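Tertiary structure, described
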Amino acid sequence: MAQENFLDFSDQKWRERLSDAEYHVLRQAGTEPPGIGEYTNTTTEGVYRCRACGAELFRSTEKFDSHCGWPAFFSPLAGDSVIEREDRSLGMVRTEVLCANCHSHLGHVFAGEGYDTPTDLRYCINSISLTLEEGPVEN
Ligand SMILES: [Zn+2]
């Protein structure tokens, strides 16, 4: 099977591939309500993949309990697995986090909040943007 180029996908193709709720978050930069996401409090060991394209994005070893209502990671799996860009929507300046492979919306990253983590970054990611692949994570 040929490698799909997700950056060439039309909106129509994304709509066929994703559920309405997934499309809203991943392709329209929506946000799932806090506290309801399936991975908010998950501590299962594994790798979190992009639900849109399957790229590996985050690992359970960088997930932490932020009490913010969404899954939180203090670092992506690799620096080049996500793209960060300025987001001035909703009258705020935030940093949006996108999948580097398919440019789907994942969430936002916040810095300097005082969390007791190695980076003091909080990658606040929608559960619906992720799929957990359970298994041992190498360090
Ligand atoms: Zn992706």
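This report concerns the structure included in the present document. It should be emphasised that the depicted structure is a prediction, and the values quoted were computed from it without experimental measurement. (Residues numbered from 1 in each chain as written. Predicted model: local features only at pLDDT ≥ 70, side-chain atom pairs only at ≥ 80, totals over all residues.)

Quick look at the sheet that holds strand S8 (residues 121–125) now. Taking strand neighbours across the sheet as the criterion, the six strands line up as S3-S4-S8-S7-S6-S5 in an open arrangement whose pairing is antiparallel. Where the open sheet ends on each side, the last strands, each with one partner, are strand S3 (63–64) and strand S5 (82–87). Of the pairings in the sheet, the one linking S3 to strand S4 (residues 72–73) comprises two bridges and is antiparallel in character. The residue of S4 that forms the bridge with Phe 64 is Ala 72. (Pairing = 2+ DSSP bridges. Helix = DSSP H or I, 4+ residues; strand = E, 2+ residues; numbered from the N terminus.)

Looking at the secondary structure, you find Glu 133 in strand S9 (residues 130–134). Remark: the alpha-carbon pair of Glu 133 and Gly 46, spanning 87 residues in sequence, is separated by 5.4 Å. Look past the residues within four positions of Glu 133 in its chain and what remains in contact with it is Gly 46, Val 47 and Arg 49. (Contact = placed C-beta atoms within 7 Å.)

Where S5 and strand S6 (residues 94–99) come together, six bridges link them in antiparallel fashion. Note on S6: the bridge partner recorded for Ile 83 is Leu 98. Two successive antiparallel strands, S5 and S6, enclose a turn made up of six residues, where Leu 90 displays a positive phi of approximately 60 degrees. Judged from the four bridges that link them, S6 and strand S7 (residues 105–111) form a sheet pairing that is antiparallel. Paired with Val 97 across the bridge in S7 is Gly 107. Remark: five residues form the turn of the hairpin made by S6 and S7, two consecutive strands paired antiparallel; His 103 in that turn has positive phi of roughly 60 degrees.

To continue, consider the sheet that holds strand S2 (residues 56–59). What holds strands together in a sheet is hydrogen bonding between their backbones, with the strands either parallel or antiparallel. Taken in spatial order, the three strands of this open sheet run S2-S1-S9, and their pairing is antiparallel. Two strands lie at the open edges of the sheet, namely S2 and S9, each paired on one side alone. Here the average twist between neighbouring strands, direction ignored, is 35 degrees. Pairing geometry for strand S1 (residues 46–50) and S9, over five bridges, is antiparallel. Pairing of Arg 49 across the sheet is with Thr 131, part of S9. (Axes fitted to C-alpha atoms, helices over the stretch in contact; angles between N-to-C directions.)

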